[in-house]
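# A look at the structure
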Amino acid sequence: AQSVTQLGSHVSVSEGALVLLRCNYSSSVPPYLFWYVQYPNQGLQLLLKYTSAATLVKGINGFEAEFKKSETSFHLTKPSAHMSDAAEYFCAVSERSGNNRLAFGKGNQVVVIP
Amino acid sequence: DAEITQSPRHKITETGRQVTLACHQTWNHNNMFWYRQDLGHGLRLIHYSYGVQDTNKGEVSDGYSVSRSNTEDLPLTLESAASSQTSVYFCASSESEVAGSYNEQFFGPGTRLTVL
């Protein structure tokens, strides 16, 4: 079964500093990859997705992620953190088989320090 | 606007009781999913459906059941609630996937269930 690993459950970042959240996947075939964001007491919202072609994917709110097959990684970055970025972030993977099922990482709780 | 709703938003029940959580979507999506979210585990798939009368078990299906009698609804039933089922439950839906593409899953707002 496909899976993703997110290290570090809590991530603290200063306002204006780089946000970097790491995600590594396990799959013999490059899968579809996603980052979701969850604000307090809300459902999940898609930040960005990698499905094919471009390895550098731009998403909403200034986030981007780069697919690196050689490293089996899909790390999420944002150059300058805002207070509004405080949320939980999940990396997820789906097989290219047409089943549309997602497997999620354990999540990163991002705290932005003023 | 099309949407996905869940009810109730909060529920407290007792061990051994049967509980049903509702999920309703107005996108006419064929695919529907139920997840539970627990600290340290992320979201885990409970059950899913690819269309009317189709249901499938996910990775944590024990103690849960679903039925799909129409396109819009996928209710989740806890046959005999246990304290280990205290969690936040999310429903999601998506269009059927076509080979070579991926269709986004849209998530409901969640139901917080407490089993005492």
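See the structure printed just above.
The structure reproduced in this document is the subject of the present report. If you're wondering where the values come from, they're calculated on a predicted model, not measured in any experiment. (Residues numbered from 1 in each chain as written. Chains lettered and ligands numbered in written order. Predicted model: local features only at pLDDT ≥ 70, side-chain atom pairs only at ≥ 80, totals over all residues. Heavy atoms only, no water.)

This paragraph deals with the overall build of chain B. Looking only at helices and strands, chain B features 0 helices and 11 strands. Taken from the N to the C terminus, the helices and strands of chain B come in the order β-β-β-β-β-β-β-β-β-β-β. Computed over the C-alpha atoms, the radius of gyration of chain B is 14 Å, within 12% of the 13 Å expected from 2.2 N^0.38 for a compact globule of 116 residues. Within chain B, buried positions represent 47% of all 116 residues. Across chain B, every contact between residues at least 6 apart in sequence was considered, and the portion connecting residues at least 24 apart equals 55%. Accessible surface computed for chain B: about 5500 Å², of which carbon and sulfur atoms make up 46%. Of the charged side chains in chain B, 8 are positive and 13 negative, and the gap between their average positions amounts to 10 Å. (Helix = DSSP H or I, 4+ residues; strand = E, 2+ residues; numbered from the N terminus. Rg over C-alpha atoms; globule rule 2.2 N^0.38 Å. Buried < 20%, exposed > 50% of the residue type's maximum accessible area, 1.4 Å probe, protein only. Contact = heavy atoms within 4.5 Å. Areas by Shrake-Rupley, 256 points an atom, 1.4 Å probe, with all protein chains shown as cover. Lys, Arg positive; Asp, Glu negative; His and termini not counted. Charge placed at Lys NZ, Arg CZ, Asp CG, Glu CD.)

Further remarks concern the environment of Q37 of chain B. By the element assignment, Q37 of chain B lies in strand β4 (residues 31-38). C-alpha separation for the pair Q37 of chain B and Y89 of chain B, spaced 52 residues apart in sequence, amounts to 6.2 Å. Sequence-distant contacts of Q37 of chain B, that is, excluding residues within four places in its chain, are made with Q38, E88 and F90 of chain A together with G42, L43, S87, V88 and F90 of chain B.

Residue-level contacts link 23 residues of chain A with 26 residues of chain B. Across the chain A to chain B interface the summed buried area is about 1800 Å²; carbon plus sulfur atoms make up 51%. Our count for the chain A to chain B interface comes out at 0 salt bridges. Linking chain A to chain B there are 5 residue pairs in polar contact (both at pLDDT 80 or more). (Buried area = accessible area lost by both parts, 1.4 Å probe. Salt bridge = Lys/Arg side-chain N within 4 Å of Asp/Glu carboxyl O. Polar contact = N/O pair within 3.5 Å; in protein donor to acceptor, adjacent residues only side chain to side chain.)

All right, on to unusual backbone geometry then. In this chain, S7 of chain B is followed by P8 of chain B through a cis amide linkage whose omega measures -5°. The topology assignment puts P8 of chain B in the loop between β1 (4-7) and β2 (10-13). Residues other than glycine seldom take positive phi values, yet N41 of chain A does so here, at roughly 60°. Tracing the backbone shows N41 of chain A in the loop between β5 (32-38) and β6 (44-50). The phi torsion at T72 of chain A lies on the positive side, around 45°, for a residue other than glycine. With respect to the helices and strands, the residue T72 of chain A is situated in the loop between β8 (64-68) and β9 (73-78). By relative accessible area, which is 28% here, T72 of chain A ends up partly exposed.

As a further point, take the nonpolar core. Residues and elements named next belong to chain A. Residues L33, W35, L47, L48, F74, L76 and Y89 are the most contacted members of the largest nonpolar core, which totals 26 residues. Where this core is concerned, the elements lending two or more residues are β3 (19-21), β5, β6, β8, β9, β10 (87-94) and β12 (108-113). In terms of residue count, β10 provides more of this core than any other element does, 4 residues in total. Not counting chain neighbours up to four residues away, the residues in contact with L76 comprise V19, L20, L21, W35, L47, L48, F63, E64, A65 and Y89. (Core = buried A, V, L, I, M, F, W, Y, C linked by side-chain atoms within 4.5 Å.)

What follows covers the sheet that holds β1 of chain B. In a beta sheet, neighbouring strands pair by backbone hydrogen bonds and run either parallel or antiparallel. Residue and element names in this part refer to chain B. Across the sheet, which stays open at both edges, the 4 strands sit in the order β1-β3-β8-β7 with antiparallel pairing between neighbours. Unpaired on one side and paired on the other, β1 and β7 (64-66) mark the two borders of the sheet. Averaged over all neighbouring strand pairs, the angle between strand axes comes to 20°, with direction disregarded. One ladder, built from 4 bridges, connects β1 with strand β3 (residues 19-25); its direction is antiparallel. Considered in β3, the bridge of T5 is made with H24. (Pairing = 2+ DSSP bridges. Axes fitted to C-alpha atoms, helices over the stretch in contact; angles between N-to-C directions.)

Let us now look at the side chain of T71 of chain B. In this structure, T71 of chain B sits in the loop between β7 and β8 (76-78). Setting aside chain neighbours within four positions, we find T71 of chain B in contact with Q25, N28, H29, M32 and V52 of chain B.

Glancing now at the pairing of β12 of chain A. All names here are of chain A. A one-sided burial pattern is seen for β12, the buried positions being N108, V110 and V112 and the unburied ones Q109, V111 and I113. In the sheet, strand β2 (residues 10-14) pairs with β12 via 5 bridges, with the strands oriented parallel. Residue pairing across strands places S14 opposite I113, the latter belonging to β12. Note: β10 against β12, 3 bridges, orientation antiparallel. Residue pairing in the sheet places A87 in a bridge with V110 of β12.

Read these as layout, nothing more, since geometry by itself doesn't imply function.
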